[in-house]
Amino acid sequence: MKHLLNELKVLKGNLDNLPVENLDNIDLSKTELFIVDINNGFAKSGALYSPRVEALINPIVDFTKSIYKKVKSIIAFTDCHDENSLELSSYPSHCLKNDFESDIVDELKEIKNIKILSKNSTNGFFVLDDVKFDNTENIIIVGDCTDICIYQFAITLKSYFNQNNMDKNIIIPINLVDTYDIPNIHSAELLNIVFFNSLIQNGIKVVKNLIY
């Protein structure tokens, strides 16, 4: 047990020592922003609502408003299922089509130039219209959940880029990403530590914050 606690301390230290990235160092005209699952079903109400996700709304909206005129594109993924979706065998019923839950939050709807893509699984990669990312150098990913939708999308993107020798920077700011917490079942703090470290080990640039 002591060994595990020491390992956890080291992993947490890795995140505590991450840099802050200045957006002045990033060519936003060649940058795409992906906002993952900041929808009513996760951030406002429903079986999978989390106050930790709700707390992401304002920071993500503020960040998006600060760069939306400068970035190449903004895509917002949102879960959208029918009653027969296989995912609902693993999770409680959530974000059904034409339901309040599957809409992105109103705060994001107020921002121009956001393209909304509905997804029937936890991985947004499979609903992308374009996976070539021509004239794109940087991909910023924000939203939820660290260990599920964020992790799967980022790792799949990185694997695709590696397979095709495409040199792209995937950037994830810790302050704009989180996961849900269920005591004794799903520890948000622990899973954030483990999965952020795994993202780093897979060549994804995880930073404390993106300042602008």
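In what follows, the accompanying structure is described. Every value quoted in this text rests on a predicted model; they were computed, and no experiment measured them.

## What to know about the side chain of Ser85
Reasoning step 1: Looking at where Ser85 falls in the secondary structure, it is placed in the loop between strand 3 (73-79) and helix 5 (106-109).
Reasoning step 2: For Ser85, the side chain forms a polar contact with the side chain of Asn120, separated by 2.8 Å.

## Considerations on unusual backbone geometry
Reasoning step 1: The peptide bond linking Asp144 to Cys145 adopts the cis configuration, its omega dihedral lying at -5°.
Reasoning step 2: Although it is not a glycine, Asn165 sits at a positive phi angle of roughly 50°.
Reasoning step 3: Mapping Asn165 onto the fold places it in the loop between helix 6 (146-163) and strand 6 (169-173).
Reasoning step 4: Look at Asn184: it is not a glycine, yet its phi comes out positive at around 70°.
Reasoning step 5: As for its placement among the helices and strands, Asn184 is situated in the loop between strand 7 (177-178) and helix 7 (188-201).
Reasoning step 6: Judged by its relative accessible area of 85%, Asn184 falls in the exposed class.

## Overview of the nonpolar core
Reasoning step 1: Counting 31 residues, the largest nonpolar core has Leu128, Ile141, Leu157, Ile172 and Leu199 as the members making the most contacts within it.
Reasoning step 2: Elements with a minimum of two residues in this core: strand 2 (31-36), strand 3, strand 5 (138-144), helix 6, strand 6 and helix 7.
Reasoning step 3: Among the elements that line this core, the one with the most residues is helix 6, at nine residues.
Reasoning step 4: Leu157 has contacts with Phe125, Leu128, Phe133, Ile139, Ile141 and Ile170, leaving out every residue within four places of it along the chain.
Reasoning step 5: Grouped together as the second largest cluster of nonpolar side chains are 30 residues, Ile35, Val53, Ile67 and Cys95 included.

Cut-offs applied
Residues numbered from 1 in each chain as written. Predicted model: local features only at pLDDT ≥ 70, side-chain atom pairs only at ≥ 80, totals over all residues. Heavy atoms only, no water. Helix = DSSP H or I, 4+ residues; strand = E, 2+ residues; numbered from the N terminus. Polar contact = N/O pair within 3.5 Å; in protein donor to acceptor, adjacent residues only side chain to side chain. Buried < 20%, exposed > 50% of the residue type's maximum accessible area, 1.4 Å probe, protein only. Core = buried A, V, L, I, M, F, W, Y, C linked by side-chain atoms within 4.5 Å. Contact = heavy atoms within 4.5 Å.

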